[in-house]
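# Structural description and commentary
If you want the building blocks of each chain, they are given just below.
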Amino acid sequence: VAPLQPAHTDAGPLVAASEAVLRYSLVPRSSPEDRRVRLSVAFPAELLPPRRGSPLAMSIHLHVAPPASELVGALGEHGAAKGYLPLGTPDPWHRDGAFFGWDARRGERVSEERRVYMSGLSDEAGAAAGVAMAVKQVGRGDAAQVALLEEYVAATLYQEAQPNRTHFLQAADDQIRLSQLWWDDDFNDPKSAKGRAATAAAPGLSRVCRGCWQPGATKQTRCSWMDCWSEDHSLESWRAYNYPHVTTVYWSLYRSARYASPPLARRRPWQWYLRRAHATALAVWRWGGDPWTKKQGNGVGTAQWGLMVGSVFELVLSDLRREGWAG
């Protein structure tokens with residue numbers, strides 16, 4: 001850090017330290033690679049009240065952040081280059097063509113976490129990477145990253161008219177499953193075709209689940225309730241908190257198609273994405289429900305409270321009104 005010069009002293013001439021407020025301008029000479037800086041400050045004795053021991057000194061630890069636009073850009077680059085599992089990558093749960101969280105310590109995607117919602121593209125932990133990539137496009141759009149988001153919607157997120165419900169996070173009737181990662185008897189058999197595919201795609205998860213799974217299980221395992229869910233449990237759709245995440249993806253693509261010039265989202269027209277955002281927002285009331293009774297609809301259970309990322313519903317409503325689609 002460059003030598004410091006006091007800009008001014010609010011309290012006037014030197015006074016007791018308890019009354020003085022000193023302001024300094026800090027100018028980094030250069031930013032270290034890890035952007036960590038330690039500022040050491042020693043206070044002259046004449047600025048301090050009488051005290052015993054050595055003169056007062058302190059260290060201030062700073063992180064010199066790059067400009068916000070650079071940080072947002074880096075988020076998108078990381079998500080596209082490292083967080084995205086390319087479409088066509090072998091995965092028995094059909095999670096290819098989707099965004100995953102990142103384990104910085106291991107330097108890999110969080111794709112085989114035993115708490116299956118974290119690697120199953122749903123819940124806050126599993127959906128966060130896709131939501132971050134989507135919101136990033138609203139503030140700093142990138143055509144290649146938007147194309148990946150559109151691929152994610154078409155191949156992994158929304159079933160639409162495709163026949164196999166288990167291949168998608170959101171069903172054709174707008175239900176959103178708890179996780180797109182699950183376990184069953186076939187996965188549990190390491191010699192079966194599904195078992196071999198699971199071992200190849202997620203060896204760590206396979207080791208854990210084969211120690212947890214009870215053959216014929218519908219929900220319970222010998223491990224934590226968070227581990228190795230059955231397919232039936234993964235398909236439950238009562239968790240209202242999952243719906244704002246998907247709504248956000250659609251809404252951001254609507255914005256990317258409607259307001260970018262030229263449009264960044266091109267696979268579908270903006271009207272399609274806005275309709276999907278609207279339908280998914282309404283699905284909270286239709287499918288949100290109670291985790292214990294499994295009752296769904298009419299605002300019961302988790303649908304009766306405020307939801308994380310729920311402010312997106314207000315944004316969708318504002319855009320519906322702007323387009324003349326709402327009264």
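In what follows, the accompanying structure is described. This structure is a prediction, so every number in the text was calculated from the model and none was measured.

Another aspect to go through is the state of the cysteines. Between two cysteines, a covalent bond joining their sulfur atoms is known as a disulfide. Applying the stated rule across the entire model yields two disulfides. Between the sulfur atoms of Cys 212 and its disulfide mate Cys 223 the distance is 1.8 Å. Across the S-S bond linking Cys 212 and Cys 223, the dihedral sits near -90°, which makes this disulfide left-handed. A residue pair is termed long-range when its members are at least 10 positions apart, and Cys 212 in helix H6 (residues 203-212) and Cys 223 in the loop between H6 and helix H7 (231-234) qualify at 11 residues. Regarding the disulfides, the protein carries the connectivity 1-4, 2-3 under sequence-order numbering of its bonded cysteines.

Take the packing of aromatic side chains next. Applying the stated criterion across every chain yields a total of 14 aromatic pairs. Ring plane angle 85° and centroid distance 6.1 Å describe the contact between Tyr 254 and Tyr 259, whose orientation is recorded as edge-to-face. Taken together, the aromatic side chains of Trp 93, Trp 182, Trp 183 and Phe 187 make up a single cluster linked through ring pairs. Between Lys 194 and the ring centre of Phe 187, over which it is positioned, the NZ or CZ distance is 4.4 Å.

Inspection of the secondary structure puts Thr 247 in helix H8 (residues 243-258). Residue Thr 247 is classed as buried on the basis of its relative accessible area, which comes to 0%. Sequence separation of Thr 247 and Phe 313 is 66 residues, and the distance between their C-alpha atoms is 7.8 Å.

Next up on the list: unusual backbone geometry. With omega at 0°, the peptide bond leading from Ser 261 into Pro 262 counts as cis. Positive phi outside glycine occurs at Cys 228, with the angle close to 50°.

So, about the packing of H8 against helix H9 (residues 270-287). Closest axis-to-axis distance for the H8/H9 pair is 7 Å, and the angle between their directions is 165°. Comparing their axes, H9 and H8 come out roughly antiparallel. In terms of crossing hand, the pair formed by H8 and H9 is left-handed. Contacts between H8 and H9 pair Tyr 243, Val 246, Thr 247, Tyr 250, Trp 251, Leu 253, Tyr 254, Ala 257 and Arg 258 from the former with Trp 270, Trp 272, Tyr 273, Leu 274, Arg 276, Ala 277, Thr 280, Ala 281, Ala 283, Val 284 and Trp 287 from the latter. A per-class count over the contact of H8 with H9 returns 16 nonpolar, two polar and two charged.

Counting residues in each nonpolar core, the largest one holds 41 residues, and the members touching the most others are Leu 157, Val 249, Tyr 250 and Leu 253. For this core, the secondary structure elements donating two or more residues are strand S5 (84-85), strand S6 (98-99), helix H2 (123-139), helix H3 (143-157), H8, H9 and helix H10 (311-322). Those residues within four positions of Val 249 in sequence are excluded, and the remaining contacts are Gly 130, Ala 134, Leu 149, Tyr 152, Val 153 and Leu 157. One finds Leu 181, Ala 202, Trp 229 and Trp 238 within the second-largest nonpolar core, a separate group that totals 18 residues.

This next bit is on the pattern of salt bridges. What the rule picks out here adds up to 14 salt bridges. Glu 124 serves as the salt-bridge partner of Arg 239, at 2.8 Å between the closest nitrogen and oxygen. Of this pair, Arg 239 sits in the loop between H7 and H8 while Glu 124 sits in helix H2, and the two are 115 residues apart along the sequence. Taking the relative accessible area as the measure of exposure, Arg 239 reaches 15% and is therefore buried. Glu 124 sits in the partly exposed class, given a relative accessible area of 22%. Among the salt bridges present, the one from Asp 319 reaches Arg 322, with a minimum N-O distance of 2.1 Å.

This brings us to the side chain of Ser 252. Relative to the assigned elements, Ser 252 resides in helix H8. Look past the residues within four positions of Ser 252 in its chain and what remains in contact with it is Ala 134 and Val 138.

This part takes up the environment of Asp 189. Inspection of the secondary structure puts Asp 189 in the loop between helix H4 (185-188) and helix H5 (193-201). Owing to a relative accessible area of 36%, Asp 189 belongs among the partly exposed residues under this scheme. Between the C-alpha atoms of Asp 189 and Thr 199, which are 10 residues apart in sequence, the distance is 10.0 Å. Excluding its chain neighbours within four sequence positions, the residues that come into contact with Asp 189 are Gly 195 and Arg 210. At 3.0 Å, the side chain of Asp 189 and the backbone nitrogen of Lys 191 are in polar contact.

What follows covers the packing of helix H1 (residues 68-83) against H2. Contact pair H1 / H2: the axes reach a minimum separation of 10 Å and the direction vectors enclose 135°. Accordingly, the angle class assigned to the pair H1 and H2 is oblique. Handedness of the H1/H2 crossing: left-handed. Along the contact surface, H1 presents Val 72, Gly 73, Leu 75, Gly 76, Gly 79 and Ala 80, while H2 presents Ala 132, Met 133 and Lys 136. Class assignment of the residues belonging to the contact of H1 with H2 gives a composition of five nonpolar, three polar and one charged.

Criteria and cut-off values
Residues numbered from 1 in each chain as written. Predicted model: local features only at pLDDT ≥ 70, side-chain atom pairs only at ≥ 80, totals over all residues. Heavy atoms only, no water. Disulfide = S-S within 2.5 Å. Helix = DSSP H or I, 4+ residues; strand = E, 2+ residues; numbered from the N terminus. Phe/Tyr/Trp six-rings, centres within 6.5 Å; stacked < 30°, edge-to-face > 60°. Lys NZ or Arg CZ within 6 Å of the ring centre and 35° of its normal. Buried < 20%, exposed > 50% of the residue type's maximum accessible area, 1.4 Å probe, protein only. Axes fitted to C-alpha atoms, helices over the stretch in contact; angles between N-to-C directions. Parallel < 35°, antiparallel > 145°, perpendicular 65-115°, else oblique. Left-handed = near helix turned anticlockwise from the far one by under 90°. Contact = heavy atoms within 4.5 Å. Nonpolar A, V, L, I, M, F, W, Y, C, P; charged D, E, K, R; others polar. Core = buried A, V, L, I, M, F, W, Y, C linked by side-chain atoms within 4.5 Å. Salt bridge = Lys/Arg side-chain N within 4 Å of Asp/Glu carboxyl O. Polar contact = N/O pair within 3.5 Å; in protein donor to acceptor, adjacent residues only side chain to side chain.

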